[in-house]
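# A closer look at the structure
If you want the building blocks of each chain, they are given just below.
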Amino acid sequence: MTNGYAKLVRKVRPRTIFLLRHGQTDFNVQGIVQGSGIDSSLNDTGRRQAAQFYAAYGHVPFDKVYTSALRRTQESVQQFLDLGLPHETHLGLNEISWGVREGTRITLEEDAEYRQVLAGWAAGHTHGRLTGGESPEEVAARQRPFIELLKARGDERTVLVCLHGRALRVLLCQLLNYPLSCMEGFEHSNLCLYKLEFTGTVFTIRNFLDVSHLAAD
């Protein structure tokens, strides 16, 4: 009976998934849209944020590190990769494409199309997109193979995933079974952390928009 109980405990012990947004870039500071078509690097602040995250979590025994194919995510976890941790890049984790708006500076006050599309998403019209860009539904579709891979690799008990702001919102909706119209409820900032537990059937948030690691000296 004792052995059976021990096996049961091992079986139901949840896995831990760290979802991390990349650190700051000069485009973030300048208010310029990046998206999947802009392969920017971290700036000095972003590199400091990455170092602060490593200082707080470098002791965690991650079994795998996943990033998008864009360098700002890989640079955000480079110190973990330097440890020799297994690493995979996935196009499915890339940021949404903002189409013709990428590389331009836009604000909600100045861009009627941008306002209209975001309002449409919140109203449930998640097939909408900016000109030449992707819809949240298309981002969700390309994320699903990664989600299935993540669920299937039960031997990876503790996982670090670094991706992008809008992609993070879409991924959280999918993992937590929210409609994509709820995306805006998942706030984000550079190098913020969402920590999830996965029982094998259900994902649960344990840390929501955690930036406590950035408060360290």
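For the structure itself, consult the block above.
Heads up: these notes are all about the structure in this document. (Residues numbered from 1 in each chain as written. Predicted model: local features only at pLDDT ≥ 70, side-chain atom pairs only at ≥ 80, totals over all residues. Heavy atoms only, no water.)

In the structure shown here, the tally under the stated rule is twelve salt bridges. For the salt bridge of Lys64 with Glu88, the shortest nitrogen-to-oxygen distance reads 3.1 Å. With Lys64 in strand E2 (residues 64-67) and Glu88 in strand E3 (residues 87-89), this pair connects stretches of sequence that are 24 residues apart. Judged by relative accessible area, which is 8%, Lys64 ranks as buried. (Salt bridge = Lys/Arg side-chain N within 4 Å of Asp/Glu carboxyl O. Helix = DSSP H or I, 4+ residues; strand = E, 2+ residues; numbered from the N terminus. Buried < 20%, exposed > 50% of the residue type's maximum accessible area, 1.4 Å probe, protein only.)

A rise of 1.5 Å per residue sets the reference length of helix H7 (residues 136-152), with its 17 residues, at 24 Å; its end C-alpha atoms lie 24 Å apart and thus fit the reference within 8%. Gln143 marks the point of greatest bend in H7, at about 35°, and the proline Pro145 comes within the next four residues. Taken as a whole, H7 has its buried residues at Pro136, Val139, Ala140, Gln143, Phe146, Ile147, Leu149 and Leu150. (Expected span 1.5 Å × (residues − 1). Bend = angle between axes of the 7 residues up to and from the residue.)

Here we take up the sheet that holds strand E4 (residues 158-163). The strand order across the open sheet built from six strands is E3-E2-E4-E1-E5-E6, with neighbouring strands paired in mixed fashion. Two strands lie at the open edges of the sheet, namely E3 and strand E6 (203-210), each paired on one side alone. Ignoring which end each strand starts from, the neighbouring axes of this sheet average 20° apart. (Pairing = 2+ DSSP bridges. Axes fitted to C-alpha atoms, helices over the stretch in contact; angles between N-to-C directions.)

C-alpha of Lys64 to C-alpha of Gly31: the two residues are 33 residues apart in sequence and 32 Å apart in space. Every residue in contact with Lys64, bar those within four places of it in the chain, is listed here: Pro86, His87, Glu88, Arg153, Glu156, Thr158, Val159 and Leu160. One polar contact links Lys64 to Glu156, side chain to side chain, over a distance of 2.8 Å. (Contact = heavy atoms within 4.5 Å. Polar contact = N/O pair within 3.5 Å; in protein donor to acceptor, adjacent residues only side chain to side chain.)

The next thing to look at is the pairing of strand E5 (residues 193-198). Here strand E1 (residues 15-21) runs beside E5; their pairing, made up of six bridges, is antiparallel. When the bridges of E5 are listed, Ile17 appears paired with Leu196. In the sheet, E5 pairs with E6 via five bridges, with the strands oriented antiparallel. When the sheet's bridge partners are listed, Leu196 is paired in E6 with Ile205. The antiparallel pairing of E5 with E6 creates a hairpin that spans four residues between the two strands, and Gly200 there sits at a positive phi of about 110°.

Another aspect to go through is the packing of H7 against helix H8 (residues 165-175). For any two helices packed against each other, one specifies the crossing angle of their axes together with the interaxial distance. With their axes 10 Å apart at the nearest point, H7 and H8 run at an angle of 65° to one another. The handedness of the crossing between H7 and H8 comes out as right-handed. In this structure, H7 uses Pro136, Val139, Ala140, Gln143, Arg144 and Ile147 to contact H8, whose residues at the interface are Ala167, Val170, Leu171, Gln174 and Leu175. (Left-handed = near helix turned anticlockwise from the far one by under 90°.)

In this fold, Arg21 is placed in strand E1. Within the buried core, Arg21 has no salt-bridge partner, and the shortest N-O distance to an opposite charge, that of Glu95, equals 5.9 Å. Apart from residues lying up to four places away in sequence, Arg21 is in contact with Asn28, Cys162, Leu163, His164, Gly165, Leu168, His188, Ser189, Asn190, Leu191 and Cys192. (Lys, Arg positive; Asp, Glu negative; His and termini not counted.)

Attention now moves to unusual backbone geometry. Residues other than glycine seldom take positive phi values, yet Asn177 does so here, at roughly 60°. Tracing the sequence through the fold places Asn177 in the loop between H8 and E5. Accessibility expressed as a relative area gives 71% for Asn177, which makes it exposed. Backbone geometry places Leu209, a non-glycine residue, at a positive phi of 50°. Looking at the secondary structure, you find Leu209 in strand E6.

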